[in-house]
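Secondary and tertiary structure notes
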Amino acid sequence: MRIFVFLTRRMIFAALLMLGVSAAIFFLVNSIGNPIELMMAETPGMTGEVIDRMKAYYGLDHPPMTRYLLWLSRIAQLDFGTSIVYNQPVGSLIVTWGWQTLKIQLPAILIALAIAILFGVTAARRQHSRSDFAVMATALLGQSLPAFFLGILLIFIFSYSLDWLPSYGAYSTRNPLWGSPTLDALWHMVLPVAMLTFFNTATLTLLMRSNMVDVLKSDFIAAMRASGIPERRVIYVHALRAAFIPMLTYLGLLIGLMLGTAPVTESVFTWPGLGYLYISAIHQLDYPVIMGASAVIAFMLICTTLLTDVIYVLIDPRISLE
Amino acid sequence: MSDQTITAHPPSSAKPARRPVKGIWRQGWQRFARSRTGMLGLILVLLVVATAVVGPFVAPFDPQDQSPMIDPGAKAPPSWVHPLGTDRMGYDVASRVIYGAPTALAVGLGAMSIASLIGVLVGGFAGYRGGTTDEVLMRFTDFFLVIPMFVVILAVIRLLGVAVVNTPFESVPYLNLGVIILLIGVFSWAPIARMTRAEFLRLKNQEFVEAARCIGATSGDILFRHILPNALPSLVVIVALGIGGAVLAEAMIGFLGFGDPAAVSWGQLLYFNYEALKVAPWASLSPGVAIFITVLGFNLLADGLTDAFNPRAKR
């Protein structure tokens, strides 16, 4: 019962949060001026009449407050409007381009998690050993290496110098690799996924290691060892479960920020994902896309934050429901 | 941060039976000096600071000097006159990288001062008071956690470009950079607040706090002499990491082409030269390495600070 009340409360807060964030983004963007007028400001030969008709066509001829309410009610029906640059529904643009983003981000998080558990646990078990130092040093280096600079390095080495991998795009425009579009798509994913994996792994490993070090010192681990439970089971079942709990926050953030960090990644690799769509929309002042994409980016973060909180309560009985 | 650490552990009150303690600074420094990563971090940070301070006097070229365009030409490889070559637009890469250091430090320190001030206040208050205060403040923090930072910063930079024309603000030097610093600060305090709150929640029900309460310590005493010092180790680390993070954020904004055109920033150098990566790699790789060194320096420094002020976290 208490858990039900807790869940309802968090859901309501998440909904309010979404409302607040969308309002903040909406009014910030709109305070620049009417999007159509801004877009057309540098186009010669644009008469007031044409601009008025364009405003009416895109439904941008009302005062901002009315437009915000209209926009909200349309979003509630999953209608994000029409892109001015692409002349396509923003919803389908977000799905098409967003899929490309997920295609490189999700594998990168999963691979990173597996590597982080492996290296983090190994380092924590042999604390202060040479392998611990090597893991720590690599992770600290990886944490400090800016993701986009790593991407530039990877392109410089593997595309320009060695000419092994493609430097941009999600697929070849002609002559796919070995005549197979699937292989060709995977081929293009290698560098972006490698960059994101390296970036995710660094922090996850450091967190895993420090949590594990703490857990391994706790009494219940000593008790388990004393009662003769096999070491491997102690480490990989019981200690890992305890050490994993504090990592959920970061993992949730990583998943929630997938779309938010995409602009940089996708600018490096000219990857046709949501981030690339977003940046070009800002450059071209494609107002409906800016609004739709930023709402989706915020929605993603809010959902994962909510999910993280709920998971915490479900798995850790020490956390009270207030 | 460190000031609070000093007031937090008055040597006299800790263990009166012992010989006078050396003081938290000397103790911390001694532990810090033993940390190899911390010392390397300090050296790197000092290198960046020295570059920022001395650099402008020793840089061979003015950052706005495009005269190399004529002599060795644009995209010229490294030579004696141009140790890091010249870039797409005929600038001397070494000079531009040197002039990027003060910009990076201003961004890192400025943004994190703003962020830690807001973060510690909000998080500490929420964690200690609990109840409705906690609920409201944390929802407020959530709000700042979920606003996509880049969206807002890019939008505001755009807004300024339009709104500033024909106003007195137009002549304010480095207006864009100032706004970027402010915004990075305003959008980076949420993790600090969450960490502060978590630490305060963890600590406020522990025995030593209850003991302090039992002997009649005031709220202020409990907060600033018992809870905050124990929360500081995690906070110092997250702030030092945050400085690196802020430098990185500004580099990314610059890399996306939304930096301050008047300021020389490493991210912007990358933005200008990335498309010539194949022909003139030195022009892209040099500012990238500079960003890496700075971020690495602060991260390693944070690691050393963990060793110095929070030995129990790692030992």
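**Comments concerning the overall build of chain A**
- What chain A contains, in helices and strands, is 14 helices and zero strands.
- Its C-alpha atoms put chain A at 85 × 60 × 35 Å along the principal axes.
- Among the 322 residues that make up chain A, the fraction classed as buried is 50%.
- Considering only intrachain contacts with a sequence separation of at least 6, the fraction spanning at least 24 residues in chain A is 75%.
- For chain A, the exposed surface amounts to about 15800 Å²; the carbon and sulfur share of it is 68%.
- Both charge centroids of chain A, one from 19 positive and one from 17 negative side chains, sit 14 Å from each other.

**Brief notes about the overall build of chain B**
- The number of helices and strands found in chain B is 13 helices and zero strands.
- A buried classification covers 55% of the 315 residues belonging to chain B.
- As presented, chain B carries roughly 14300 Å² of accessible surface, and 66% of it is formed by carbon and sulfur atoms.

**A word on unusual backbone geometry**
Residues and elements named next belong to chain A.
- Its identity as a non-glycine residue notwithstanding, Leu 78 has a phi of 60 degrees, on the positive side.
- With respect to the helices and strands, Leu 78 occurs in the loop between helix H4 (64-76) and helix H5 (90-125).
- One non-glycine residue, Thr 270, adopts positive backbone phi at about 45 degrees.
- Classification of Thr 270 by relative accessible area gives partly exposed; the value is 34%.

**Regarding empty space enclosed by the protein**
- Under the counting rule described, the total for this entry stands at five cavities of 30 Å³ or more.
- As a volume, the largest cavity reaches approximately 90 Å³.
- Along the walls of the largest cavity sit A:Arg10, A:Phe13, A:Ala14, A:Leu17, A:Ile302, A:Thr305, A:Leu306, B:Arg139, B:Asp142 and B:Val146, which together make up its complete lining.
- Elements with a minimum of two residues in the lining of the largest cavity: helix H1 (2-30) and helix H14 (287-315) of chain A together with helix H6 (131-146) of chain B.
- At four residues, H1(A) tops the list of elements feeding residues into the lining of the largest cavity.

**Topic: the interface of chain B and chain A**
- At the junction of the two partners, chain B supplies 46 residues and chain A supplies 50 residues.
- Each partner contributes to the roughly 4400 Å² buried at the junction of chain B and chain A, and carbon and sulfur atoms together form 76% of this total.
- At the junction of chain B and chain A, the tally comes to one salt bridge.
- Here A:Arg9 and B:Glu135 are joined by a salt bridge, their closest N and O atoms 3.4 Å apart.
- Here chain B and chain A share two residue pairs in polar contact (both at pLDDT 80 or more) between them.
- Among the secondary structure elements, those contributing two or more residues to the side of chain B that touches chain A are helix H4 (36-58), H6, helix H7 (149-163), helix H11 (219-255) and helix H13 (281-309) of chain B.
- For the side of chain B that touches chain A, the element with the highest residue contribution is H13(B), accounting for 12 residues.

**Regarding the confidence of the model for chain A**
- When the pLDDT values of chain A are averaged, the result is 82; 92% of them are 70 or greater.
- Ranking the elements of chain A by mean pLDDT puts helix H2 (residues 35-40) of chain A last, at 70, and H5(A) first, at 89.

**Examining the packing of H5(A) against helix H13 (residues 274-284) of chain A**
Residue and element names in this part refer to chain A.
- It is at 7 Å that the axes of H5 and H13 come closest, and there the two elements cross at 125 degrees. Classified by the interaxial angle, the pair formed by H5 and H13 is oblique. Note on element contacts: H13 touches H5 through Leu 274, Gly 275, Tyr 276 and Leu 277, opposite Leu 93, Ile 94, Trp 97, Gly 98 and Thr 101.
- A per-class count over the contact of H5 with H13 returns six nonpolar, three polar and no charged.

**Some thoughts on the packing of H1(A) against H14(A)**
All names here are of chain A.
- Where H1 contacts H14, the axes come no closer than 10 Å and their chain directions differ by 155 degrees. One way to sum up the angle between H1 and H14 is to call them roughly antiparallel. Crossing handedness for the pair H1 and H14: right-handed.
- Grouping the constituent residues of the contact of H1 with H14 by class yields 22 nonpolar, two polar and two charged.

**Some points on the environment of B:Ala190**
Residue and element names in this part refer to chain B.
- Along the polypeptide, Ala 190 turns up in helix H9 (residues 189-204).
- Among the residues examined, Ala 190 registers a relative accessible area of 1% and is labelled buried.
- Each C-alpha atom of the pair Ala 190 and Leu 47 lies 30 Å from the other, and the pair is 143 residues apart in sequence.
- Ala 190 has contacts with Thr 141, Phe 144 and Leu 145, leaving out every residue within four places of it along the chain.

**Some points on the packing of aromatic side chains**
- The tally for this structure, following the rule as stated, stands at 14 aromatic pairs over all chains.
- Between B:Phe143 and B:Phe144, the aromatic rings sit 5.8 Å apart at their centres with planes inclined by 80 degrees, giving edge-to-face as the arrangement.
- Feature note: the residues B:Phe140, B:Phe143, B:Phe144, B:Phe187 and B:Trp189 constitute an aromatic cluster, connected by ring pairs.
- Taking the ring centre of A:Phe133 as reference, the NZ or CZ of B:Arg36 above it sits at 4.9 Å.
- For B:Arg139, the ring lying beneath its charged end belongs to A:Phe13, and the centroid distance is 5.3 Å.

**Quick word on the confidence of the model for chain B**
All names here are of chain B.
- The pLDDT averaged across chain B works out to 79; a share of 84% of its residues lies at or above 70.
- Mean pLDDT in chain B bottoms out at helix H1 (residues 2-8), which sits at 46, and peaks at helix H5 (residues 93-129), which reaches 88.
- Interface scoring of the predicted complex returns ipTM 0.78; its pTM is 0.80.

**Overview of the pattern of salt bridges**
- What the rule picks out here adds up to seven salt bridges over all chains.
- The partner of A:Arg10 in a salt bridge is A:Asp309, with the nearest N and O atoms 2.8 Å apart. Of the two residues, A:Arg10 is situated in helix H1 and A:Asp309 in helix H14; the sequence distance between them amounts to 299 residues. In terms of burial, A:Arg10 and A:Asp309 fall into one category: buried.
- Its salt-bridge partner being B:Glu135, residue B:Arg139 comes within 3.0 Å of it at the nearest N-O pair. Here B:Glu135 and B:Arg139 lie together in helix H6, a separation of four residues that amounts to about one turn. Note on accessibility: B:Arg139 and B:Glu135 belong to one class, buried.

**As for the nonpolar core**
- Formed by 155 residues in total, the largest nonpolar core has its most connected members in A:Phe148, A:Ile152 and B:Ile184.
- Sort the elements by how many residues they give to this core and H11(B) lands first, with 21 residues.
- Setting aside residues up to four positions removed in sequence, B:Ile184 forms contacts with B:Val107, B:Ala111, B:Met149, B:Ile153, B:Ala246, B:Ala249, B:Glu250 and B:Ile253.
- Formed by 25 residues, the second largest nonpolar core is a distinct cluster that contains A:Val213, A:Leu216, A:Ile221 and A:Leu251.

Analysis parameters
Residues numbered from 1 in each chain as written. Chains lettered and ligands numbered in written order. Predicted model: local features only at pLDDT ≥ 70, side-chain atom pairs only at ≥ 80, totals over all residues. Heavy atoms only, no water. Helix = DSSP H or I, 4+ residues; strand = E, 2+ residues; numbered from the N terminus. Buried < 20%, exposed > 50% of the residue type's maximum accessible area, 1.4 Å probe, protein only. Contact = heavy atoms within 4.5 Å. Areas by Shrake-Rupley, 256 points an atom, 1.4 Å probe, with all protein chains shown as cover. Lys, Arg positive; Asp, Glu negative; His and termini not counted. Charge placed at Lys NZ, Arg CZ, Asp CG, Glu CD. 1 Å grid on protein atoms, 1.4 Å probe; cavity = no way out; pocket = protein on both sides within 12 Å on 5 of 7 lines; lining within 4 Å. Points joined across faces, edges and corners; volume = space filled by probe spheres on them. Buried area = accessible area lost by both parts, 1.4 Å probe. Salt bridge = Lys/Arg side-chain N within 4 Å of Asp/Glu carboxyl O. Polar contact = N/O pair within 3.5 Å; in protein donor to acceptor, adjacent residues only side chain to side chain. pLDDT = per-residue confidence, 0-100. Axes fitted to C-alpha atoms, helices over the stretch in contact; angles between N-to-C directions. Parallel < 35°, antiparallel > 145°, perpendicular 65-115°, else oblique. Nonpolar A, V, L, I, M, F, W, Y, C, P; charged D, E, K, R; others polar. Left-handed = near helix turned anticlockwise from the far one by under 90°. Phe/Tyr/Trp six-rings, centres within 6.5 Å; stacked < 30°, edge-to-face > 60°. Lys NZ or Arg CZ within 6 Å of the ring centre and 35° of its normal. Core = buried A, V, L, I, M, F, W, Y, C linked by side-chain atoms within 4.5 Å.

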